[in-house]
Number of protein chains: 2
Amino acid sequence: MVVARLSDLPEVDSDCPELRKQSEAMLVQEMLFASHLGLSTAIVRLHGMRHVNLARITYSIVGHHSHCPLFQLWFQVPMVNPEVNAASFREGEEQPDLEDPWEWWNKFRLLCNSDKKVGVALELSADLPDEPVISRWLGEPLKSLVLHTSLFLTNRKGYPVLSQAHQSIIKRFAHLNLQVIITGANRHSSIKNYMQYIDHVYQNSVKSEQRVPYSSGYEDHLQIPLQPLMDNLESTTYEVFEKDPVKYSEYLNAIYQALIDKVPEEEAETNVQVIMVVGAGRGPLVTASLKAAESANRKVRIYAVEKNPNAIVTLLSLKEEVWKDSVTVVSCDMRDWPAPEQCDILVSELLGSFGDNELSPECLDGPEKFLKPDGISIPCSYTSYIRPLQSSRLHNGVGEGTLDKPFHKKFQTPYVVHQLNTYNITPPKPLFTFHHPNRETPVDHTRYGHLNFHITQNSVCHGFAGYFDAVLYKDVKLSILPDTYSKGMFSWFPIYFPIKEPIRLKKGDEMEVHFWRLANKKKVWYEWCVSSPVQVPVHNLNGKSSSIGLY
Amino acid sequence: MVVARLSDLPEVDSDCPELRKQSEAMLVQEMLFASHLGLSTAIVRLHGMRHVNLARITYSIVGHHSHCPLFQLWFQVPMVNPEVNAASFREGEEQPDLEDPWEWWNKFRLLCNSDKKVGVALELSADLPDEPVISRWLGEPLKSLVLHTSLFLTNRKGYPVLSQAHQSIIKRFAHLNLQVIITGANRHSSIKNYMQYIDHVYQNSVKSEQRVPYSSGYEDHLQIPLQPLMDNLESTTYEVFEKDPVKYSEYLNAIYQALIDKVPEEEAETNVQVIMVVGAGRGPLVTASLKAAESANRKVRIYAVEKNPNAIVTLLSLKEEVWKDSVTVVSCDMRDWPAPEQCDILVSELLGSFGDNELSPECLDGPEKFLKPDGISIPCSYTSYIRPLQSSRLHNGVGEGTLDKPFHKKFQTPYVVHQLNTYNITPPKPLFTFHHPNRETPVDHTRYGHLNFHITQNSVCHGFAGYFDAVLYKDVKLSILPDTYSKGMFSWFPIYFPIKEPIRLKKGDEMEVHFWRLANKKKVWYEWCVSSPVQVPVHNLNGKSSSIGLY
């Protein structure tokens, strides 16, 4: 891909009108010439904070100028302020408070309305900045890494190589498919050697990367969460999720332990445990229950309750061919099922990316009535988590989404998304927890919670990432939280709650976030807002933009 | 008008879920009951910053609840934090940094997305706050003034009266048509006496108010600026503007002085000055020129140039019946007119609320070619001014406007508006100046300017107010700047440049604002943005949302 490099023209922000107008004309001419040559991308350097007019001119041409319909602009920004080195020479003097080049870019981007045609070409510096400064770039629309030949060392065979620290940065950014630009004088036998070396580092990074199966093609792709109560899942959807190598083995473990705990060894032959699998789908939890019973050497009778008539077909044929008499298949919505007896263990998997967002609490209200007083629910609890995130890509994705909703409603809808081009501003914190069985009267599944997040560096918040973890039974857990992730599990991507307008955060800010889980007779929904350091209006008021239908 | 008072229920923001849910239910029930009684407005007190859940509940009911379609809510806020008095008792201790109740309201309003159904009932305090704190309320959606009976003094006849300071506040707010609520125990012979007294103060304030003629009914009403180049003005529009008692007498003064300066007494009989009135409309500036010549005892020949064929009819009949041979009527666009001779004085009135926004600079390019080297242009210069303003009402008005544009374009369009419910955050500063005659080559009427405004108290910026002043000749000036306003003139209301998202400003902030005046062959337009303390994207990029057509 050929990219046009535009001249450095800081004079477009000159206070001298003549100088300014001359430079403006040159800049526009260069951009139009690049477009004339058929190039779709140009690159220009930022040198500081003073570039409001440069922002206006470039923004006005990128994608908005009738002669350059496809133009993209990359802004080249160094990772470290070039004056840091110059400053370190003057010893004894106080270190000046140098602007972080990320601030240059951020000011620029905001003036350009975070237009998706404006991207970053990040210039690697010899001295690398602190880890948070590096990871913040992961939330930006990075398009290119710029490496000066002076960054390269020479190995024993005479070829150019990078230090471990520089290699690791290239590996961290590898999944973003960046174009690498080598700049500066050739200091080795051929310019090709640099490219070959970079290719080599890229290939290594792809090998070593912890690839999530079934995630390829879903990177930063916004999906509407499933509505399993309103829509019957398709067979292919079941097919994919049944392949999860972790989820069902953890359920098996949980059921195994519950059986062992409930039935002493000496009653193994006489005590028949009644298990109800509610929301049985095509049967994987029934199979897991039978396997658990076999391993534990305990007797069980199983009810497989499922509302989807299409899945019932599979359940009935499994019963006929495999399960036989130990399993009773019930074609009924679990909330309406008048069970013929009480059960010992209630097994369900009604969890969404945010824990309760597929309405597990509401669904279990029905069958829990048939759980014996000493009965066990698997899962016995689940908790949702949130944290603020920075991701131009996700935020732009919301606005561009093909979702059939007015623009403002798109920003008041949660999305399920495998988040890659994202900077996680803080660690996540727990929000709502549900326990099962839930014996409280009256039952109330609404929630209101507020959390404080301490901001440790300047950043831009584009919304919140949501996760969950669940206790199936005792120490058997499932988690999609990055730090406790159930390794190898692929059934859930995180959830993303956007906000309409990005929030500028400063180091030291205390961010206060409010979430509500609300319900009426027809639906359940979330609302969210920010009350500090700025006020963000309550999003999704009354569930008008997004909700989860109960029927 | 009967207003429902809701109970104080700070417990809706309690961290105890039971207490919170009980209070929520009570609050909702009270609001629904008020609605059941047919009341359209309820009033509730704010007690501090901690009311995020209260904000959500009220916002969710106001106008968004199917059972309360017309509900309005007023939030009662004291002018001064009630703890100020309590605190002053503890002498020797340091004065605590008390929250300003405006902050309570502001947080609340922002969480409610500045919904127009949420208003303020402002409670007058015994001790009044500083002037800026009072005037900031002028930018808020005030609906009611709440006066406690304890604020009233007793006059010699035994009737309740207010102190001068309290009277003056009521007078300042009188033009906003607020409902006055008297609260507290009756401390005089009848509760009627309080109302009679308030009526009396209101009536006095209406008498004393500096009423702008022809402005009644236009208060805070957003109008699209005229486009006299693209549209021919209607006769009624000329009719209204010709009635301005100040503008034409100032033009007469300017022309008079110019004639005296150009022609010495001894040449009075022989030297015939050629005056071109360009954009003559229905002739008021021709009449002013003739009167000026008569007063000055100087000879003139006048060309009256007008592009509107409808106005030409009036000009021709005036020539036939009144002006006779001294005036030549020319039916032509001034930009295309091949004048038969050069002139001494070029008279025009092509000014808009923002000075150059009706394209005076572009229009005068043509006729200025026919101005003698020592000729005079009246006006000889004009300057635009801007300042940040706070006005929920104007900002809401933009979104609701019937203008046939997509929502986001409405916020990228300037409006002409007689601004009443507005707080002017800072004094205005000059932006662009145009001088005439303009002898520069090549002629360039584009401009770029940036201004810094020092913020002296916390506030919310909803955009910019624009004004102009013009030098007609020497010390003869026209101004719509509040401090130098040409008293009695009514031809121009200020202009309002909105911004999409309100900006929260803090005391001590330096606000940096950028404006561009840009042009292509078809149109002229403004762009604007904010680069500090936050970045606001460039508005009206490439004139895509609003522009002034050249043809």
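Residues numbered from 1 in each chain as written. Chains lettered and ligands numbered in written order. Predicted model: local features only at pLDDT ≥ 70, side-chain atom pairs only at ≥ 80, totals over all residues. Heavy atoms only, no water.

Peer 1: Just to check I follow, could you spell out the nonpolar core for this structure?
Peer 2: General note: in soluble globular proteins, nonpolar side chains tend to be found buried as a group. Counting 99 residues, the largest nonpolar core has Ile378(B), Phe464(B), Met511(B) and Phe515(B) as the members making the most contacts within it. Broken down by element, this core gets its largest block of residues, eight residues, from strand β19 (residues 459–473) of chain B. Residue assignment places this core across two domains, with domain 2 (235–349) and domain 3 (381–549) of chain B each supplying three or more. Other than its neighbours up to four places away in sequence, Phe464(B) contacts Arg387(B), Pro388(B), Leu389(B), Ile495(B), Tyr496(B), Phe497(B), Ile499(B), Met511(B), Val513(B), Phe515(B) and Val530(B). Listed in part, the 97 residues of the second largest apolar core include Cys461(A), Ala465(A), Phe468(A) and Ile495(A). (Core = buried A, V, L, I, M, F, W, Y, C linked by side-chain atoms within 4.5 Å. Buried < 20%, exposed > 50% of the residue type's maximum accessible area, 1.4 Å probe, protein only. Helix = DSSP H or I, 4+ residues; strand = E, 2+ residues; numbered from the N terminus. Domains from an automatic or database assignment. Contact = heavy atoms within 4.5 Å.)

Peer 1: Teacher, can you tell me more about helix α2 (residues 52–61) of chain B here?
Peer 2: Since the α-helix packs 3.6 residues into each turn, any two residues three or four apart lie on the same face. Across the 10 residues that make up α2(B), a large majority, 10, are buried. Every buried residue of α2(B) is accounted for by Val52(B), Asn53(B), Leu54(B), Ala55(B), Arg56(B), Ile57(B), Thr58(B), Tyr59(B), Ser60(B) and Ile61(B).

Peer 1: What is the right way to read the pattern of salt bridges from this model?
Peer 2: Between side chains of opposite charge, a pair can form as their charged atoms come close. Throughout the structure, instances matching the rule amount to 44 salt bridges over all chains. Lys372(A) is the salt-bridge partner of Asp344(A), the closest N and O atoms lying 2.9 Å from each other. Of this pair, Asp344(A) sits in strand β12 (residues 343–348) while Lys372(A) sits in strand β13 (residues 371–378), placing them 28 residues apart in sequence. With a shortest N-O distance of 2.8 Å, Arg109(B) and Glu140(B) are connected by a salt bridge. Of this pair, Arg109(B) sits in helix α4 (residues 101–111) while Glu140(B) sits in the loop between α5 (131–136) and β5 (142–148), and the two are 31 residues apart along the sequence. Accessibility expressed as a relative area gives 0% for Glu140(B), which makes it buried. (Salt bridge = Lys/Arg side-chain N within 4 Å of Asp/Glu carboxyl O.)

Peer 1: Would you take a moment to explain the environment of Gly401(B) for this structure?
Peer 2: Residue and element names in this part refer to chain B. Considering the arrangement of structural elements, one finds Gly401 in the loop between α13 (392–400) and α14 (407–410). On the accessibility criterion, Gly401 (24% relative accessible area) is partly exposed. In sequence terms Gly401 and Leu222 are 179 residues apart; their C-alpha atoms lie 7.8 Å from each other.

Peer 1: Help me understand the domain arrangement of chain A, please; the structure alone is not making it clear to me.
Peer 2: In many analyses, interface size is given as the accessible surface area lost on bringing the parts together. Residues and elements named next belong to chain A. What the domain assignment reports for chain A is domain 1 (4–208), domain 2 (235–349) and domain 3 (381–549). Placing the centre of domain 1 and that of domain 3 at their C-alpha centroids yields a distance of 33 Å. Counting residues at the interface gives 18 residues for domain 1 and 14 residues for domain 3. When the area that domain 1 buries against domain 3 is broken down by residue, the three leading residues are Lys116, Arg136 and Gly139, summing to 30%. Here domain 1 and domain 3 share nine residue pairs in polar contact (both at pLDDT 80 or more) between them. Of all the elements in the fold, those that place two or more residues in the side of domain 1 that touches domain 3 are α4 (101–111) and α5 (131–136). A per-element tally of the side of domain 1 that touches domain 3 places α4 first, with five residues. Split by residue class, the side of domain 1 that touches domain 3 holds seven nonpolar, five polar and six charged. (Buried area = accessible area lost by both parts, 1.4 Å probe. Polar contact = N/O pair within 3.5 Å; in protein donor to acceptor, adjacent residues only side chain to side chain. Nonpolar A, V, L, I, M, F, W, Y, C, P; charged D, E, K, R; others polar.)

Peer 1: Would you mind showing me how to read the relation of the copies chain A and chain B here?
Peer 2: Copy one and copy two of the chain differ by a rotation about an axis and a translation along that axis. In the superposition of chain A on chain B (RMSD 0.1 Å, axial shift 0.0 Å), the rotation amounts to 180 degrees. Such values leave the two copies arranged in the relation of a two-fold axis. Every residue of chain A has its C-alpha some distance from the rotation axis, and the shortest such distance is that of Glu501(A), at 4.2 Å. Comparing interface residues between copies, 100% of those in chain A also lie at the interface in chain B; the contact surface is shared. (Least-squares fit on C-alpha atoms with pLDDT ≥ 70 in both.)

Peer 1: Would you mind showing me how to read the side chain of Asp13(B) here?
Peer 2: With respect to the helices and strands, Asp13(B) occurs in the loop between β1 (4–5) and α1 (17–36). One buried charged side chain, Asp13(B), makes no salt bridge at all; its nearest oppositely charged neighbour is Arg50(B), positioned 5.9 Å away. Only 2.8 Å separates the side chain of Asp13(B) from the backbone nitrogen of Asn53(B), close enough to count as a polar contact. Every residue in contact with Asp13(B), bar those within four places of it in the chain, is listed here: Tyr448(A), Arg50(B), His51(B), Val52(B), Asn53(B) and Leu54(B). (Lys, Arg positive; Asp, Glu negative; His and termini not counted.)

Peer 1: Any chance you could explain the UniProt feature "active site" (unreviewed entry) in chain A here in plain terms?
Peer 2: Residue and element names in this part refer to chain A. Following the UniProt record, the feature "active site" (unreviewed entry) maps to Glu349 and Glu358 here. Within the secondary structure, Glu349 is located in the loop between β12 and α12 (360–368). A relative accessible area of 18% means that Glu349 is categorised as buried. If we skip the residues at most four places from it in the chain, Glu349 touches Lys247, Tyr251, Val278, Leu285 and Trp492. Along the polypeptide, Glu358 turns up in the loop between β12 and α12. On the basis of relative accessible area, Glu358 is assigned to the buried category, the value being 15%. Apart from residues lying up to four places away in sequence, Glu358 is in contact with Leu226, Pro228, Leu350, Leu351 and Gly352. (UniProt positions renumbered as here; feature names shortened; annotations may be inferred.)

Peer 1: Would you mind going over the packing of helix α9 (residues 247–262) of chain B against helix α10 (residues 284–296) of chain B with me for this structure?
Peer 2: Helix-helix packing is characterised by the crossing angle of the two axes and by the distance between the axes. All names here are of chain B. With their axes 8 Å apart at the nearest point, α9 and α10 run at an angle of 45 degrees to one another. Relative to α10, the element α9 lies oblique. In this structure, α9 meets α10 at a crossing whose hand is right-handed. Between α9, through Tyr248, Tyr251, Leu252, Ile255, Tyr256, Leu259 and Ile260, and α10, the contact on the second element is made entirely by Pro284, Leu285, Ala288, Ser289, Lys291, Ala292, Ala293, Ser295 and Ala296. Looking at the contact of α9 with α10 residue by residue, the class counts come to 13 nonpolar, two polar and one charged. (Axes fitted to C-alpha atoms, helices over the stretch in contact; angles between N-to-C directions. Parallel < 35°, antiparallel > 145°, perpendicular 65-115°, else oblique. Left-handed = near helix turned anticlockwise from the far one by under 90°.)

Peer 1: Teacher, can you tell me more about the interface of chain A and chain B here?
Peer 2: Contacts between chain A and chain B engage 36 residues on the former and 36 residues on the latter. Taken together, the two surfaces of chain A and chain B that pack against each other cover about 3,200 Å², and 56% of this comes from carbon and sulfur. Inspection of the chain A/chain B interface yields four salt bridges. Salt-bridge contacts for Arg56(B) lead to Glu527(A); the nearest nitrogen and oxygen are separated by 2.6 Å. Linking chain A with chain B are 12 residue pairs in polar contact (both at pLDDT 80 or more), by the criterion used here. Mapped onto the side of chain A that touches chain B, the elements with two or more residues apiece are α1 (17–36), α2 (52–61), α4, β18 (447–454), β21 (495–505), β22 (510–519), β23 (523–532) and β24 (536–539) of chain A. At five residues, α2(A) tops the list of elements feeding residues into the side of chain A that touches chain B. Broken down by class, the residue content of the side of chain A that touches chain B amounts to 13 nonpolar, 10 polar and 13 charged.

Peer 1: It is not clear to me how unusual backbone geometry should be interpreted in this structure. Could you clarify?
Peer 2: Most peptide bonds are trans, and most residues other than glycine sit at a negative phi. Cis geometry is found at the peptide bond from Thr441(A) to Pro442(A), where omega equals -10 degrees. With respect to the helices, strands and loops of the structure, Pro442(A) is situated in the loop between β17 (429–435) and β18. Even without being a glycine, Lys474(A) presents a positive backbone phi close to 50 degrees. You can see Lys474(A) is positioned in the loop between β19 (459–473) and β20 (476–479). We note that Asn540(B) has phi near 60 degrees; this positive angle belongs to a residue other than glycine. You can call Asn540(B) buried: its relative accessible area is 0%.

Peer 1: What should I look at first to understand the sheet that holds strand β4 (residues 118–123) of chain B in this one?
Peer 2: Remark on secondary structure: sheet strands pair via backbone hydrogen bonds, oriented parallel or antiparallel. Residue and element names in this part refer to chain B. The strand order across the open sheet built from six strands is β1-β2-β3-β4-β5-β8, with neighbouring strands paired in parallel fashion. Unpaired on one side and paired on the other, β1 and β8 (179–183) mark the two borders of the sheet. In the sheet, strand β3 (residues 72–78) pairs with β4 via six bridges, with the strands oriented parallel. Among the inter-strand pairings, Val77 is bridged to a residue of β4, identified as Leu122. Along the sheet, α4 contacts β3 and β4; its crossing angle with β3, the most-contacted strand, is approximately 155 degrees. (Pairing = 2+ DSSP bridges.)

Peer 1: Looking at this structure, how should I read the UniProt feature "domain: PRMT5 oligomerisation" (unreviewed entry) in chain A?
Peer 2: Those residues carrying the UniProt feature "domain: PRMT5 oligomerisation" (unreviewed entry) are residues 381–548 of chain A in this numbering. Strand forms 50% of residues 381–548 of chain A and helix 8%; the C-alpha atoms that close the span are 21 Å apart.

Peer 1: Would you mind going over the environment of Glu400(A) with me for this structure?
Peer 2: Residue and element names in this part refer to chain A. Summarising the element assignment, Glu400 is placed in helix α13 (residues 392–400). On the basis of relative accessibility, which here comes to 46%, the residue Glu400 falls in the partly exposed class. Here the alpha-carbon distance between Glu400 and Lys116, two residues 284 residues apart in the chain, equals 9.8 Å. Residues in contact with Glu400, not counting those within four places in the same chain, are Lys116 and Lys410.

Peer 1: How should the confidence of the model for chain A be read in this particular structure?
Peer 2: Note that predicted coordinates carrying low pLDDT should not be read in detail. Mean pLDDT for chain A: 91, with 95% of residues reaching 70 or above. Overall fold confidence for the complex sits at a pTM of 0.91, while the interface term, ipTM, reaches 0.87. (pLDDT = per-residue confidence, 0-100.)

Peer 1: I'm lost on the sheet that holds strand β11 (residues 327–331) of chain B in this one. Help?
Peer 2: Residue and element names in this part refer to chain B. Spatially, the five strands line up as an open sheet ordered β11-β10-β9-β12-β13, and their pairing is parallel. Edge positions in the open sheet fall to β11 and β13 (371–378), since each of these has one partner strand only. Going across the sheet, the axis of each strand differs from the next one's by a mean of 20 degrees, ignoring polarity. Bridge analysis of strand β9 (residues 272–278) against strand β10 (residues 299–306) gives seven bridges, and the strand direction is parallel. Each bridged residue has a counterpart across the sheet, and for Val277 the counterpart in β10 is Ala304. Where α10 meets the sheet, it contacts β9, β10, β11 and β12 (343–348), and its direction lies at approximately 175 degrees from that of β10.

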